[in-house]
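# Breakdown of the fold
Next come the chains, spelled out residue by residue.
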Amino acid sequence: LSISSRSLRVNAHAGYFVADDDLYRCPADATGTSAAVAVTLPLGSEEEIAHELVLANSSATILVTVEEEEDERRLLAVHADGAVEVLTPSPIALPLPGLDEDLGPFTAISPDGMRAAWRTEGASEELYLKCLQGGITHHVTTLPEYPVYLDNVGVLAFGTTNRLCFFAGDRVISGIAGADLI
């Protein structure tokens, strides 16, 4: 296997990696050469797995971004039992998780693996939150709490109590771009 080192994610419950355009999962108690099992993902004919995975701290649930084109992506969750949940059924303007970005990450999963959050791009940046395993997707940055001029959403993370943390503000504040403030 040709393993992408950028994709390697490990915690006390599981390990995941991308190799040869497939996602592999290794349960924590697996041993031997057959420990890595390919996960079957519902990919479109032209979709590929992005190599930046987001693994929960205290669960074997992982978020996987798949893309057909650079600005058209879908987000999937793979649960501990290998079941796949499609979080964004249609391709949308979804950035890569952005784990190394100044204003990132742009995709997050709660420590217990029960909630996912992601940012979309476009005319404005929007934030969505979903309780996994059948929950409803909530558009967090919507009126009236978040006026339309708030167009910069970043630093998605879940605290130890599984509360979502993020910021939302103007793309330019007093003539200074957000990235320049860091």
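Residues numbered from 1 in each chain as written. Predicted model: local features only at pLDDT ≥ 70, side-chain atom pairs only at ≥ 80, totals over all residues. Heavy atoms only, no water.

## Comments concerning the nonpolar core
Across soluble globular proteins, nonpolar side chains show a tendency to be buried alongside one another. Quick reminder of the rule: We call a set of buried Ala, Val, Leu, Ile, Met, Phe, Trp, Tyr and Cys residues a nonpolar core when their side-chain atoms join them within 4.5 Å. Burial status follows relative accessibility: with a 1.4 Å probe on protein chains alone, a residue under 20% of its type maximum counts as buried, one over 50% as exposed, and anything between as partly exposed. In DSSP terms, a helix is any run of H or I states spanning at least four residues, a strand is any run of E spanning at least two, and both are numbered starting from the N terminus.
Counting 15 residues, the largest nonpolar core has Y16, L23, L41, V64 and V78 as its most contacted members. Elements that contribute at least two residues to this core include exactly β2 (14-19), β7 (62-69) and β8 (72-78). Core analysis: the second largest hydrophobic core is formed by 11 residues, L63, A77, W118 and L132 among them.

## A word on the sheet that holds strand β12 (residues 126-131)
What counts is decided by this rule: Here a strand pair is declared whenever DSSP counts at least two bridges between the two strands. Structural elements are reduced to axes, namely lines fitted to C-alpha atoms, with helices fitted over the stretch in contact, and the angle between N-to-C directions of any two is expressed from 0 to 180 degrees.
Strands sit in the order β10-β11-β12-β13 across an open sheet of four strands; the sheet is antiparallel. Two strands in the sheet have a free side with no partner beyond their single neighbour: β10 (107-109) and β13 (137-139). Direction aside, neighbouring strands of the sheet carry axes that sit 15 degrees apart on average.

## A short note on the pattern of salt bridges
Keep this limit in mind: In what follows, salt bridge is the name for a side-chain nitrogen of Lys or Arg lying within 4 Å of a carboxyl oxygen of Asp or Glu.
For the coordinates displayed, the defined rule picks out five salt bridges. We note a salt bridge from E121 to R119, for which the minimum N-O separation is 2.9 Å. Residue class for E121 comes out partly exposed when judged on its relative accessible area of 36%. Three or more residues joined by partner-sharing salt bridges are found here, namely R119, E121 and E125.

## So, the packing of aromatic side chains
Formally: Only the six-membered ring of Trp is used, alongside the rings of Phe and Tyr, when aromatic pairs are assigned; centres must lie within 6.5 Å, and planes under 30 degrees apart are stacked while those over 60 apart are edge-to-face, with the rest tilted. Over a ring means this: the NZ of a Lys or the CZ of an Arg is within 6 Å of the ring centre and within 35 degrees of the ring normal.
Scanning the entire structure with this criterion turns up two aromatic pairs. Between F17 and Y24, the ring centres sit 5.2 Å apart and the planes meet at 10 degrees, which makes this aromatic pair stacked. When its relative accessible area of 8% is taken as the criterion, F17 is described as buried. Accessibility expressed as a relative area gives 13% for Y24, which makes it buried. Taking the centre distance of 6.2 Å and the plane angle of 20 degrees together, the rings of W118 and Y128 count as stacked. In this pair, W118 is assigned in strand β11 (residues 115-120) and Y128 in strand β12, connecting sequence segments 10 residues apart. Taking relative accessible area as the criterion, W118 reaches 2% and is therefore assigned buried. One residue, R119, lies across the ring of F106, its end atom 3.9 Å from the ring centre.

Just geometry here; none of it tells us what the structure is for.
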